[in-house]
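# Structural description and commentary
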Amino acid sequence: MKNRILIPTDFSENSWNALDYALNLFKEDKCIFYLLNAFQLYHFTTDSIILPEPGEPEYEKAREESEIGLEKLIDGVIMKSDNPNHHFEMISSYNSVLDAIKETVYKKDISLIIMGTKGETNSANTIFGSNAENIMEKIQHSPILVVPEDAVFLKEKKKEIVFATDFKTYYSYRELQSLISIAKRIEAPVRILHILENEKLTPEQEENKDSLREYLKEVLYTFHTLTHIKVGAGVHSFIESRGSEMLALIHKKHNILNSIFSKSLVDKVGYKPKVPILAMHELND
Amino acid sequence: MKNILLPTDFSQNAWNAILYTLHMYKNESCKFILLNSYQINGFHYGSKFTPIPGNEDMEKEKKNSENGLQRLIEVIKKGYPNPKHHFFAVTHNYPLVEAIEHELEQTDIEVIVIGTKGSTGAYEVIYGSNTIKIMDEVESCPILAVPSNVPFFEIKEIVLASSLEITHNEKDFQYLKKLAFQTNTRICVLHIEEEDGLSISQKQNKHLLESYLEGVQLSFHSLAHVSVPIGIYCFIESRGSDMITFVNKKHSFFEKLLFNPLYKDLGNYSKIPVLVLQTTAK
């Protein structure tokens, strides 16, 4: 089965880096990469309530810019590495980034979104700075891999994925599928990290831990615990200490790990993710 | 031949420290000096306030100590035979620290290895009063404190915690360097960033350290946004390191770290051996 991967781009350095990371991560796999550029005509929305329609010169100009940008991007990729496993499709969408992603995930049956981030809050007109966080929260139907601007996928480097969890919620196999498949693909052990708040796990937590054991039996994994430290700082220290490759989280409502995404934490500890974050979602069905 | 001092009170902790040391030095020619300091009703040579016990009592205690050491050596030789290892028994009626210092004057000692209780029990018990006294007062020889619940397995990684604020001499790291070569161990230098980046003098000290430990597999790490004890704890726990080492300095933050009851339940410091290096730096 082909992987169907969505790569939103604003033609910035960040989004180019995310694309490069994606191409390396999926080097050996048959993939269709959907390169998505969303364009909007902001200045019209502030001056007037009437948005330019297709056919109007302003719209046509923006659309052309978007399409040319995507064509150039694909040319650049093919020039860099012509991988017969990889196919590209370009989507130019007159929409907000969030809605364009939502629509594409639905229409193209996307299995993974890979996007860049600066890792810190940027000026408002940079699409993927502050927006990455927003998109991680709002897009519910596909896992998202957020790649910081200086992350490089090195084939030779030994890798491991840190999966931070508090064992408080039950995860289904499907919710964890993207983690398991990436771990298999890059032959990375999964380090399951728990920041301990209480001395002992509750019976429910033990059960959830057991189900993880079951799901992850196809890959190598180990359990780790840190205490006396806040979740954000603990996860950060763990990754920094070990030089781990990637952080995986499940985004659930009322989940303590949400604090990793939250702005206040970013501000408080200056936590700037240096590794890609795989955000998985609660699936309700 | 290396001289290694093993103070023992014949306890389980001391025994574990001996086993750890034998294993650590299994490929080295060593002279192990087993030291027992005995006392009778609290009396030591030099004590002014305790009545001098009768000769008979003295002789009896001395004999007990000597016999104990002889038995210990026999057990070691039988259970852990190694043609490269030689054993000597020394009995003193000095307080422990003085007995150790007496030996340091007589012989060129490579390292002192002591046992600690490990992570069971109260904090004060983890590092017993003797351990604290030795770490605090012996200043001329590296000290390795081995918790009783640590079995020896190959040492793969030693964490050298350093603020990089003190300019050390090459000699301060001599033992660590030898140990790293001997056990083929990598050293991770850990610095907890209190401010952003390193100052000029910290950078210089870092370069010095690199040159002192030339040839060793060396890596530098820093953690930010955590306090020093928590940062060191997280680092060791996250990586599963095998030993923690630092250079002793009076009133250093490590003193606080090791002996501060605030961190008594940071089990980790009591889970892996702690190597205290001495400094000649001012």
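All figures in this text were calculated on a predicted structure; none of them were measured in a lab.

## Overview of the interface of chain B and chain A
On the chain A side, the residues contacting the 14 residues of chain B number 14 residues. Taken together, both faces of the contact between chain B and chain A bury some 1200 Å²; the carbon and sulfur share is 56%. Three residues, B:His225, B:Tyr233 and B:Ser238, lead the burial of chain B against chain A; their summed loss comes to 40% of the area buried on that side. For the interface between chain B and chain A, the tally reads zero salt bridges. Elements supplying a minimum of two residues to the side of chain B that touches chain A: β8 (218–224) and α8 (228–239) of chain B. The greatest single-element share of the side of chain B that touches chain A, amounting to seven residues, is contributed by α8(B).

## Section: α8(B)
An ideal rise of 1.5 Å per residue puts 16 Å on 12 residues; α8(B) measures up with 17 Å between its terminal C-alpha atoms. Here α8(B) has its buried residues at B:Val228, B:Pro229, B:Ile230, B:Gly231, B:Ile232, B:Tyr233, B:Cys234, B:Phe235, B:Ile236 and B:Ser238.

## Looking at unusual backbone geometry
All names here are of chain A. Of note in the backbone geometry, Phe11 takes a positive phi value of approximately 65° without being a glycine. Mapped onto the elements of the fold, Phe11 is located in the loop between β1 (3–8) and α1 (13–25). Positive phi, normally seen in glycine, also occurs at Asp109, with a value near 50°. Note that Asp109 resides in the loop between α4 (97–107) and β4 (112–117).

## Concerning a negative patch on the surface
Residues and elements named next belong to chain B. Where like charges cluster on the molecular surface, the negative patch consists of Glu165, Glu194, Glu195 and Asp196. Mapped onto the fold, Glu165 is located in the loop between β6 (157–161) and α6 (174–183). On the basis of relative accessible area, Glu165 is assigned to the exposed category, the value being 52%.

## As for the sheet that holds strand β6 (residues 161–164) of chain A
In sheet architecture, strand pairing relies on hydrogen bonds along the backbone and comes in two forms, parallel and antiparallel. Residue and element names in this part refer to chain A. Ordered in space as β3-β2-β1-β4-β5-β10-β9-β6-β7-β8, the 10 strands form an open sheet in which the pairing is mixed. Of all strands in the sheet, those bounded by a partner on one side alone are β3 (86–94) and β8 (221–226). Each neighbouring strand pair of the sheet contributes to a mean axis angle of 25°, computed without reference to strand direction.

## Side note on the pattern of salt bridges
Residue and element names in this part refer to chain A. For the structure on display, the rule yields 18 salt bridges over all chains. Across the pair Glu214 and Lys217 runs a salt bridge, and its minimum N-O distance is 2.7 Å. Residue classification places Lys217 among the exposed positions, given a relative accessible area of 58%.

## Remarks on the packing of α1(A) against helix α3 (residues 57–80) of chain A
Residues and elements named next belong to chain A. Axis separation between α1 and α3 bottoms out at 12 Å; the angle between their running directions is 40°. Considering their axes alone, α1 and α3 lie oblique with respect to each other. In this structure, the crossing between α1 and α3 has a hand that is right-handed. Within the contact between the two elements, α1 uses Trp16, Leu19, Asp20 and Leu23 and α3 uses Leu73, Gly76, Val77 and Lys80. Classifying every residue of the contact of α1 with α3 gives five nonpolar, one polar and two charged.

## Observations regarding the nonpolar core
In this structure, A:Leu247, B:Ile100 and B:Ile112 are the most contacted members of the largest nonpolar core, which totals 52 residues. Sort the elements by how many residues they give to this core and α8(B) lands first, with seven residues. A:Leu145, A:Ala151, A:Ile182 and A:Leu216 belong to the second-largest nonpolar core, a separate cluster that totals 45 residues.

## Remarks on α4(A)
Residues and elements named next belong to chain A. Those residues of α4 not exposed but buried are Val97, Leu98, Ala100, Ile101, Thr104 and Val105. Across the axial projection of α4, the buried residues extend over an arc of 165°, all falling on one side. Away from its buried face by more than 90 degrees, α4 exposes Tyr106 and Lys107. Once α4 finishes, Asp109 follows within two positions and takes phi at roughly 50°, a positive value.

## Let's talk about the pairing of β8(B)
All names here are of chain B. Summarising the sheet, strand β7 (residues 186–193) and β8 pair through seven bridges and their orientation is parallel. Paired with Ile187 across the two strands is Leu218, which belongs to β8. Taken together, β7, helix α7 (residues 200–212) and β8 constitute a β-α-β crossover, and its handedness is right-handed.

## Things to note about the environment of A:Asn14
Topologically, A:Asn14 is positioned in helix α1. In this structure, the C-alpha to C-alpha distance between A:Asn14 and A:Phe238, residues 224 residues apart in sequence, is 25 Å.

## Examining the sheet that holds strand β1 (residues 2–7) of chain B
Residues and elements named next belong to chain B. Spatially, β3-β2-β1-β4-β5-β10-β9-β6-β7-β8 is the arrangement adopted by the 10 strands of the open sheet, whose pairing is mixed. Each end of this open sheet is capped by a strand with a single partner; those strands are β3 (85–92) and β8. For this sheet the average axis-to-axis angle between neighbouring strands, irrespective of direction, equals 25°. Bridge count between strand β4 (residues 111–116) and strand β5 (residues 143–147): five bridges; the pairing is parallel. Bridge assignment links Thr116 to a residue of β5, and that residue is Pro147. Against the sheet, helix α2 (residues 55–79) contacts β2 (30–37) and β3, and its axis sits at roughly 165° relative to β3.

## Topic: the pairing of β4(A)
Side-chain direction in a regular strand flips from residue to residue, so the side chains alternate between the two faces of the sheet. Residues and elements named next belong to chain A. With respect to burial, β4 is a largely interior element, six of its six residues being buried. In this sheet, β4 lies alongside β1 in parallel orientation, the contact comprising two bridges. Looking at the pairing, Ile5 lines up with Leu112 of β4.

## Some words on the confidence of the model for chain B
Residue and element names in this part refer to chain B. Residues of chain B with pLDDT of at least 70 account for 83%, and the chain-wide mean is 84. By mean pLDDT, helix α4 (residues 123–126) is the weakest element of chain B at 43, and β1 is the strongest at 96. Note on residues 120–126: pLDDT is under 50 here. Beyond four places in sequence and across chains, it has 12 contacts. Of the regions scoring below 50 in pLDDT, residues 261–268 engages in 13 contacts with residues more than four places distant in sequence or in other chains. Scoring of the predicted complex yields 0.82 for pTM and 0.78 for ipTM.

The rules behind the values
Residues numbered from 1 in each chain as written. Chains lettered and ligands numbered in written order. Predicted model: local features only at pLDDT ≥ 70, side-chain atom pairs only at ≥ 80, totals over all residues. Heavy atoms only, no water. Contact = heavy atoms within 4.5 Å. Buried area = accessible area lost by both parts, 1.4 Å probe. Salt bridge = Lys/Arg side-chain N within 4 Å of Asp/Glu carboxyl O. Helix = DSSP H or I, 4+ residues; strand = E, 2+ residues; numbered from the N terminus. Expected span 1.5 Å × (residues − 1). Buried < 20%, exposed > 50% of the residue type's maximum accessible area, 1.4 Å probe, protein only. Patch = residues over 30% accessible without salt bridge, like charges linked within 9 Å, V, L, I, M, F, W, Y side chains within 5 Å. Areas by Shrake-Rupley, 256 points an atom, 1.4 Å probe, with all protein chains shown as cover. Lys, Arg positive; Asp, Glu negative; His and termini not counted. Charge placed at Lys NZ, Arg CZ, Asp CG, Glu CD. Pairing = 2+ DSSP bridges. Axes fitted to C-alpha atoms, helices over the stretch in contact; angles between N-to-C directions. Parallel < 35°, antiparallel > 145°, perpendicular 65-115°, else oblique. Left-handed = near helix turned anticlockwise from the far one by under 90°. Nonpolar A, V, L, I, M, F, W, Y, C, P; charged D, E, K, R; others polar. Core = buried A, V, L, I, M, F, W, Y, C linked by side-chain atoms within 4.5 Å. Arc of directions from axis to C-beta. Right-handed = clockwise from strand over helix to strand, strands pointing away. pLDDT = per-residue confidence, 0-100.

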